[in-house]
Amino acid sequence: MAAGKVCTGFSKPYVALYAASGETITYTSGQILARGVEVSIDPEVGDDNTFYADNISAETAPGVFTGGTVTLTVDGLLTAAEKLIMGLPEPKTINVGESVTVNVTEYGDDMKIPYMGLGFLVRYQSSGITTYAPVVMTKVRFQTEGLSAKTQEEEIDWQTHELTATLMRDDSANHSWKKVAEDQDTEAEAEAVLKAILGVTA
C-alpha cells in the first residue's frame, strides 16, 4: 500500500460565470482560460477557539474558512478569456489612418468584473500509477491584472502571466468554497468531469 500520492502536474484551467438563485448555483459561458503553468491556493482561516478546564486545553473548535486567494500562472490570456474574467466592455473602433480602423478596449468605469467558478486538474502519482483530480473553486472574483514584460536578449525568455482571484464561499446550502472530484485515470476523463461541474458545453 502506497503511503500517499505525489503531485506531479497542473493543467486545464477553466472558468465560467457564476450565478445563484436562492441556494441553486449555476455556471454559464464556461471556457478554457489558458494553458496552466502553476496554481497556489491560500485560504484564510479564523483562529481556533479553545476551551480550558482543569488547567489544560480540554476542547477546541477549529478555525473556519473566511476567504483567501488563488494565484494562477498561465501562458497568457486570449482576448475572449480576458474579456470574460475582467468584465471588459465591447471594443471601440477608432480611425488610425485613411480607411484604416482598429478596435481598442478601454479599461475603466465600464469594467464589470464578475463572480466566476474556477476549475483545473491536478495530476498525481502513487505506486507508479498516474491519476487526475478535478478541482473547482466554487466562487471567485479575479483582481484587476497587471502587466510585466521584458525585452528579448540572445534567447527567448518565456514570459508567463500571473492572475490572482479572491476566494469566497458560494451561496449553496453548504456554503462550499472548493470541490474536489474523485481521481480519474486519464486527463481527458478528468477534463470531462471538470467541464460538467462548470457547465462547459463546448
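Structural data are supplied above this passage.
This one's a predicted model, so the numbers in the text were calculated from it and none came from an experiment.

Student: Can you break down helix α2 (residues 187–197) residue by residue, with the values?
Tutor: Turning to α2, its buried residues are A190, E191 and L194. Across the axial projection of α2, the buried residues extend over an arc of 100 degrees, all falling on one side. Opposite the buried face of α2, at more than 90 degrees from it, the exposed residues are A188 and A196. Tucked inside the fold, the buried residues of α2 contact β1 (6–21), β9 (116–126) and β10 (129–142).

Student: Tell me about the environment of S57, residues and numbers included.
Tutor: Among the secondary structure elements, S57 is positioned in strand β5 (residues 56–61). On the basis of relative accessibility, which here comes to 46%, the residue S57 falls in the partly exposed class. Among residues more than four places away in sequence, those in contact with S57 are T50, F51 and Y52.

Student: Describe a nonpolar patch on the surface, and please don't skip the residues or the numbers.
Tutor: Nonpolar side chains collect at one region of the surface, where I94, V96, V100, V102 and V104 lie side by side and expose about 350 Å² of accessible area between them. The leading source of residues in the nonpolar patch is strand β8 (residues 100–104), at 3 residues. As for its position among the elements, V104 is in strand β8.

Student: Go over the pattern of salt bridges, please, and point to the residues and values.
Tutor: For the structure on display, the rule yields 5 salt bridges. In this structure, the salt-bridge partner of K83 is E90, at a minimum N-O distance of 2.3 Å. When its relative accessible area of 56% is taken as the criterion, E90 is described as exposed. Residues K139 and D171 are paired through a salt bridge, measuring 3.4 Å at the closest nitrogen-oxygen approach. Taken together, the residues span a long stretch of sequence, with K139 in strand β10 and D171 in the loop between β11 (161–168) and β12 (178–180) at a distance of 32 residues. The exposure class assigned to K139 is buried, which follows from its relative accessible area of 11%.

Student: Can you tell me about the nonpolar core, naming the residues and giving the values?
Tutor: By size, the foremost hydrophobic cluster in this structure holds 30 residues, and its most contacted members are L33, I85, L118 and F142. Apart from the residues within four sequence positions on either side, F142 is in contact with V15, L72, I85, M86, I113, M116, L118, L163, T164 and A165. Core analysis: the second largest hydrophobic core is formed by 11 residues, A16, V136, A190 and V200 among them.

Student: How would you summarise the packing of aromatic side chains if you had to cite specific residues and measurements?
Tutor: In this description, a pair of aromatic rings is defined by centroid distance and the angle of the planes. Within this structure, the stated rule accounts for 3 aromatic pairs. Pairing F10 with F120 gives two aromatic rings, centres 5.5 Å apart and planes at 70 degrees, and the pair type is edge-to-face. Highlighted residues: F10 in strand β1 and F120 in strand β9, separated in sequence by 110 residues. Residue F120 is classed as buried on the basis of its relative accessible area of 2%. An angle of 0 degrees between the planes, with centres 4.2 Å apart, marks the rings of F65 and W177 as stacked.

Student: Go over unusual backbone geometry, please, and point to the residues and values.
Tutor: Most peptide bonds adopt trans geometry, and most residues besides glycine take a negative phi value. Positive phi, normally seen in glycine, also occurs at K12, with a value near 55 degrees. Inspection of the secondary structure puts K12 in strand β1. Judged by relative accessible area, which is 29%, K12 ranks as partly exposed. At S29, a residue that is not glycine, the phi angle is positive and equals roughly 55 degrees. Locating S29 in the fold gives a position in strand β2 (residues 24–32).

Procedures and definitions
- Residues numbered from 1 in each chain as written.
- Predicted model: local features only at pLDDT ≥ 70, side-chain atom pairs only at ≥ 80, totals over all residues.
- Heavy atoms only, no water.
- Buried < 20%, exposed > 50% of the residue type's maximum accessible area, 1.4 Å probe, protein only.
- Helix = DSSP H or I, 4+ residues; strand = E, 2+ residues; numbered from the N terminus.
- Arc of directions from axis to C-beta.
- Contact = heavy atoms within 4.5 Å.
- Patch = residues over 30% accessible without salt bridge, like charges linked within 9 Å, V, L, I, M, F, W, Y side chains within 5 Å.
- Areas by Shrake-Rupley, 256 points an atom, 1.4 Å probe, with all protein chains shown as cover.
- Salt bridge = Lys/Arg side-chain N within 4 Å of Asp/Glu carboxyl O.
- Core = buried A, V, L, I, M, F, W, Y, C linked by side-chain atoms within 4.5 Å.
- Phe/Tyr/Trp six-rings, centres within 6.5 Å; stacked < 30°, edge-to-face > 60°.

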